[in-house]
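If you want the building blocks of each chain, they are given just below.
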Amino acid sequence: MTTDNNQTKTDGTEKILSEVKRQRELREKTYRERALKLFPHVCAKCSREFTGKKLRELTVHHRDHDHDNNPPDGSNWELLCIYCHDNEHSRNLDAQWYGPEGPGADQGPSLTHNPFASLGALLKNKK
């Protein structure tokens, strides 16, 4: 009776181990895992380094914003921390909202006084 019980435990353990191996292989095929293998664990914008548990704060940003464009060499990816990644997407949303000019682009120059406007004439008289 003990042999059957030990055999059942061994079968259960083997199933768990094979499932863990399968999940790891699937995870390694994802673009995030590939990017983490290709690039140093540093945010491309703020240059913060990530190790250990903090590595989960490092995300993969698609430069062309197409999540289906995942070349094997990683040329469409950059690693960004969650804060810089959020900022990157916010800037794109702002650009869509305001247009290519951005906010305040239709305003004229904010300075009306040029303190050096007559400097050229003063220097000519100096000679």
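If you're wondering where the values come from, they're calculated on a predicted model, not measured in any experiment.

Asker: Requested: an account of the overall build of the protein, with residues and values cited.
Answerer: Assigned secondary structure in the protein consists of four helices and two strands. Counting only residues that meet the buried cut, the protein has 18% of its 127 residues in that class. Summarising the internal contacts of the protein: among those between residues at least 6 apart in sequence, 49% fall at separations of at least 24. With an accessible surface of roughly 10,600 Å², the protein has 54% of that area assigned to carbon and sulfur atoms.

Asker: Just give me the short version of helix 3 (residues 82–98), but keep the residues and values in it.
Answerer: With 17 residues, helix 3 ought to run about 24 Å at 1.5 Å a step, and its terminal C-alpha atoms sit 24 Å apart, in line with that. Among all positions in helix 3, only Cys84, His85 and Glu88 are buried. What you see down the axis of helix 3 is that its buried residues fit within an arc of 110°, all on one side. Residues Tyr83, Asp86, Leu93 and Trp97 are exposed on helix 3 and point more than 90 degrees away from its buried face. Contacts made by the buried residues of helix 3 are with strand 1 (58–62) and strand 2 (77–81). Phi for Gly99, located one or two positions after helix 3, is positive at around 95°.

Asker: If you had to explain the pattern of salt bridges to someone new, which residues and values would you point to?
Answerer: Note that side chains of opposite charge can pair when their charged atoms are close. With the rule as written, the count across this model stands at six salt bridges. Between Glu88 and Lys45 there is a salt bridge, with its nearest N and O atoms 3.7 Å apart. Within this pair, whereas Glu88 is found in helix 3, its partner Lys45 is found in the loop between helix 2 (31–38) and strand 1, the two being separated by 43 residues in sequence. For Glu88, a relative accessible area of 13% corresponds to the buried category.

Asker: Now, about the pairing of strand 1: what can you tell me, with residues and values included?
Answerer: For strand 1, a buried count of five out of five residues is recorded, marking the element as mostly surrounded by other parts of the structure. Taking every second residue as pointing to the same face, both faces of strand 1 are buried, with Leu58, Val60 and His62 on one and Thr59 and His61 on the other. Note: strand 1 against strand 2, five bridges, orientation antiparallel. Looking across to strand 2, one finds that Val60 is bridged to Leu79.

Asker: Please give an account of the pairing of strand 2 that cites residues and values.
Answerer: Burial analysis of strand 2 places five of its five residues in the buried class, the great majority of the element. Of the two faces of strand 2, both are covered, the one formed by Trp77, Leu79 and Cys81 as well as the one formed by Glu78 and Leu80.

Asker: Outline the nonpolar core, supporting the account with residue identities and numerical values.
Answerer: Listed in full, the twelve residues of the largest apolar core are Ala35, Leu36, Cys43, Phe50, Leu55, Leu58, Val60, Trp77, Leu79, Leu80, Cys81 and Cys84. For this core, the elements supplying multiple residues, two or more each, are helix 2, strand 1 and strand 2. When residues of this core are assigned to their parent elements, the largest contribution, four residues, is made by strand 2. Once residues within four sequence positions are removed from consideration, Cys84 is found in contact with Cys43, Lys45 and Cys46.

Asker: Quick one: what's the story with a nonpolar patch on the surface, residue by residue and with numbers?
Answerer: A grouping of Phe116, Leu119, Leu122 and Leu123 is seen on the molecular surface, where their side chains present a nonpolar patch of about 440 Å² in accessible area. For Leu122, the location among the structural elements is in helix 4 (residues 119–126). The exposure class of Leu122 is exposed, given its relative accessible area of 53%.

The rules we used
Residues numbered from 1 in each chain as written. Predicted model: local features only at pLDDT ≥ 70, side-chain atom pairs only at ≥ 80, totals over all residues. Heavy atoms only, no water. Helix = DSSP H or I, 4+ residues; strand = E, 2+ residues; numbered from the N terminus. Buried < 20%, exposed > 50% of the residue type's maximum accessible area, 1.4 Å probe, protein only. Contact = heavy atoms within 4.5 Å. Areas by Shrake-Rupley, 256 points an atom, 1.4 Å probe, with all protein chains shown as cover. Expected span 1.5 Å × (residues − 1). Arc of directions from axis to C-beta. Salt bridge = Lys/Arg side-chain N within 4 Å of Asp/Glu carboxyl O. Pairing = 2+ DSSP bridges. Core = buried A, V, L, I, M, F, W, Y, C linked by side-chain atoms within 4.5 Å. Patch = residues over 30% accessible without salt bridge, like charges linked within 9 Å, V, L, I, M, F, W, Y side chains within 5 Å.

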